[in-house]
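So the chains spell out like this:
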Amino acid sequence: MQIFTTKEKDTLVLEVKGRLDAVTSPKLEEESQAWIDQGEKAMVMDLGGVDYISSAGLRTILILARKLNGMGGKIRFCGLKGMVQEVFSISGFTSLFPVFPSLTEALGHS
Amino acid sequence: MFFRQRTGLAIKLTSLIMASAGLIFILTLLFNFFFLKKTYIAQARETAKFLSESKAQKVRLILARAEGVAATLAPIVASGTHTKAELNQFLKEAVKNNPEISAMAVAFEPSTYKPGLHYFAPYVYRQGDTIKSSYLGSDWYNYFNWRWYEIPKDQNRALWSEPYHEPTSENIVITYSAPFYKQGLGQGNFQGVVAASISLEWLQDIVALAKIFDHGYAFLLSHHGIFITVPQKEWSMNQNINFVATLTDNPELKKIGQKMIDGEEGFVRTRDFLHNQDSWLYFAPFPVRGFSMGIVIPEQELFAGLYRLSQHLSAICLAGLLFLVSVAVLISRKITRPISLLDRSAAAIAEGNMDVVLPKPASGDEIGSLTHSFAEMQDALKEYIANLAATTAAKERIESELKIARSIQMNFLPKKFPPLPAGEFVEISAVLEPAREVGGDLYDYFVVNDRHLFFMVGDVSDKGVPAALFMAVTKTLLKGLTEVGLEPAQIFAKVNRELASENDAMMFVTAFCGILDLETGELAYSNAGHNPPLLLRPGEEPRWLPLPKGFFLGVFDQTVYQTQRTTLHPHDLILAYTDGVVEAIDVHQNLYSNQRLISTVKGAPANSAEGLVKSVMTSVTAFSQGVPQADDITILALRFKGYKHHGQTLLTGKDSKF
């Protein structure tokens, strides 16, 4: 798994690539925690490059969302496809979080 | 073993020193030997040359004296006025005063001394210690035809003759003849010669003195290659060097002979012709009639001193080497002793005795530093082993606890269903295979009342002990909160509230649960973010059970769940599972996938829940051959056998929740 971050105005874009499972999730959790510590409150997570997400990955996302919620922040998702989209849909994440087809649209709603 | 090693090191060191020293000694000895040999040869040549020259000088002096005597006498006798007695007196005086001269004569031409007198040649010779006189010339000894007379006469000059046997004494002599002429008239008026002979025996004595070592000898060769003087006396005037060379099968000698005849100087190694031994031969021209002198030096005697010296040197080297050995042995013992002691300690440590006391290093050298490092290593090892023992004990304890936990978890799940008489209407089979000792998957089923059967499959996020604890809580809650009359969605809502109330770890459960009405076949079910189960109806394609939306259990306490309904026909099969099935991977990182699940269930026995579970499990195991299981796997199959009639009882005391 790889994480690329860019800053779009006040929003931090986390572009995740590869597998998001029990092995890689701690890294995502660690990195996003570091951004939160630096004061980032608005995040867009681009999951277009993720081809697999396990329950551990979902849990990491939940933890991140809860932290951001607790401090008045926000997280949005975009680029979901294939298995990830399926999992988001089955698990109910789609109805729980703002999900957008593309990064542009996700940023447009900020 | 340790003694053998110590000796080994000492022997290695010693042999190395020995080999080096031995090599140096041998090279020195060899160099010395060959260098000295060259020197010996050069010295031998110098000695021979000196001898040869000194003998030549001596001979030349003597010959010059003889020449002088003859030359002095010649003009005196040429005056022609001397009486017989006077002439005899001259000759006697000359022979007496010159011990080298063996004989002298004044030989006149016929009728020169006195007309009519054919032979006139007063002759004085040495016999032993006495000097005798006589006259030469007779029919028997016609001196006019002898070379000592004839050649100076023909050549009009004084010269030495070839060696010849003196007819009067049988001695071999050479004769210097000085011609004399009628007073004042010079050449053309030849009157006779004054002859002085020198015995070759005397020459032999001088040459014989030019001898080097016991078996060395010298010889003279004429310019014809005939031996003049040689220790083998019978060869004198007799034997040719070429013939001797052929006789002794020594072609080299022939070449040397030729060089001597040609008047060359040289020093060569060859076999000598007297003793047939390896020798060195010096040859140089000799100042008499183109003679050549040869001096033979036997090699064995020449090098005797060298051999002796080499023997002594070798003995000294050997003694030195022996001394070196003892020193080397002592030193290597001294060096290897602390190593051996350390080695002994190391062996003890290797056997597990960590408390062995290391030898005290005597000095601050490498061995001392090694001992110091070794002591540090020993301490580190001790600490490490203590840590390891503690860690191992802890690990073993944890493993044993995990084993127990697994056994508890497995016993915690229902194994045999259904208890009669529910088994008449429903067959349920399930398997749970955790990825580690314990897992976060769960399944359960139980009869709620006479009509209703509850079943569920769930998956706690993550794996291992935390998941197992959460799973236990979830399962207990599910069973505890399920009451008669509650819809699946209501059950999930209650369980969710309980789980979400204290969940800082953000653990969650995906779950599917259903309540089957055995009298009508109606299945009420709800979903909490779980994979959709498959419905298998005989004669139809397998299809996914349409699921209502519903979020994971345990995250938000206000999550709303929905109940959906469908009706099962007799022989319908419901297959519920966790994502460990469809997300199992093979060696190429391919997912097992929903498609593969469908094709597997199509090929499975249609009339057995147990057969279906086994088919799917076998297929997943075969698919992920060689790849460690990443996630817990749970498969549950429920087969509706037929409608239950109202009034039939299902509950037994044991299996009832109430």
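Conventions we followed
Residues numbered from 1 in each chain as written. Chains lettered and ligands numbered in written order. Predicted model: local features only at pLDDT ≥ 70, side-chain atom pairs only at ≥ 80, totals over all residues. Heavy atoms only, no water. Core = buried A, V, L, I, M, F, W, Y, C linked by side-chain atoms within 4.5 Å. Buried < 20%, exposed > 50% of the residue type's maximum accessible area, 1.4 Å probe, protein only. Helix = DSSP H or I, 4+ residues; strand = E, 2+ residues; numbered from the N terminus. Contact = heavy atoms within 4.5 Å. Pairing = 2+ DSSP bridges. Axes fitted to C-alpha atoms, helices over the stretch in contact; angles between N-to-C directions. Phe/Tyr/Trp six-rings, centres within 6.5 Å; stacked < 30°, edge-to-face > 60°. Lys NZ or Arg CZ within 6 Å of the ring centre and 35° of its normal.

**Q** Account for the nonpolar core, naming residues and giving values.
**A** Residues and elements named next belong to chain B. By size, the foremost hydrophobic cluster in this structure holds 59 residues, and its most contacted members are Met104, Val194, Phe286, Ile295 and Ile297. A per-element tally of this core places helix H1 (residues 2–78) first, with 17 residues. Apart from residues no more than four positions distant in its own chain, Ile295 is found in contact with Ala48, Leu51, Ser52, Ala210, Ile212, Tyr217, Ala218, Trp280, Leu281 and Tyr282. Within the second largest apolar cluster, 52 residues are counted, among which are Ala422, Met507, Tyr561 and Leu636.

**Q** Any chance you could break down the sheet that holds strand E10 (residues 266–271) of chain B for me, citing the residues and the numbers?
**A** Residues and elements named next belong to chain B. Here five strands make up an open sheet; going across it, the order is E9-E8-E12-E11-E10 and the pairing antiparallel. Each edge of the sheet is formed by a strand with only one pairing partner; in this case those strands are strand E9 (227–229) and E10. Going from strand to strand, the sheet's axes swing by 35 degrees on average, the running direction of each strand aside. In the sheet, E10 pairs with strand E11 (residues 278–285) via six bridges, with the strands oriented antiparallel. Looking at the pairing, Arg269 lines up with Trp280 of E11. Those strands touched by helix H6 (residues 251–261) are strand E8 (217–221), E10, E11 and strand E12 (292–298), and its axis lies near 155 degrees from that of E10.

**Q** Which residues make up the environment of Val325 of chain B, and what are the values?
**A** On the secondary structure map, Val325 of chain B appears in helix H8 (residues 304–350). Residue classification places Val325 of chain B among the partly exposed positions, given a relative accessible area of 21%.

**Q** Tell me about the packing of aromatic side chains, and name the residues and values.
**A** Per the stated rule, a full pass over the model turns up 48 aromatic pairs over all chains. Consider the rings of Tyr143 of chain B and Phe144 of chain B, whose centres lie 4.4 Å apart with planes at 55 degrees: the pair is tilted. Its relative accessible area of 13% is what places Phe144 of chain B among the buried residues. On the numbers, 6.5 Å between centres and 50 degrees between planes, the contact of Phe267 of chain B with Tyr282 of chain B is tilted. Remark: Tyr282 of chain B occurs in strand E11 and Phe267 of chain B occurs in strand E10; sequence separation between them is 15 residues. By the burial criterion, Phe267 of chain B is buried, and Tyr282 of chain B matches it. Taken together, the ring pairs in this structure connect Phe77, Phe88, Phe93 and Phe97 of chain A together with Phe508, Phe551, Phe552 and Phe556 of chain B into an aromatic cluster. The cationic tip of Arg19 of chain A hangs over the ring face of Tyr52 of chain A; the distance from NZ or CZ to the ring centre is 4.3 Å.

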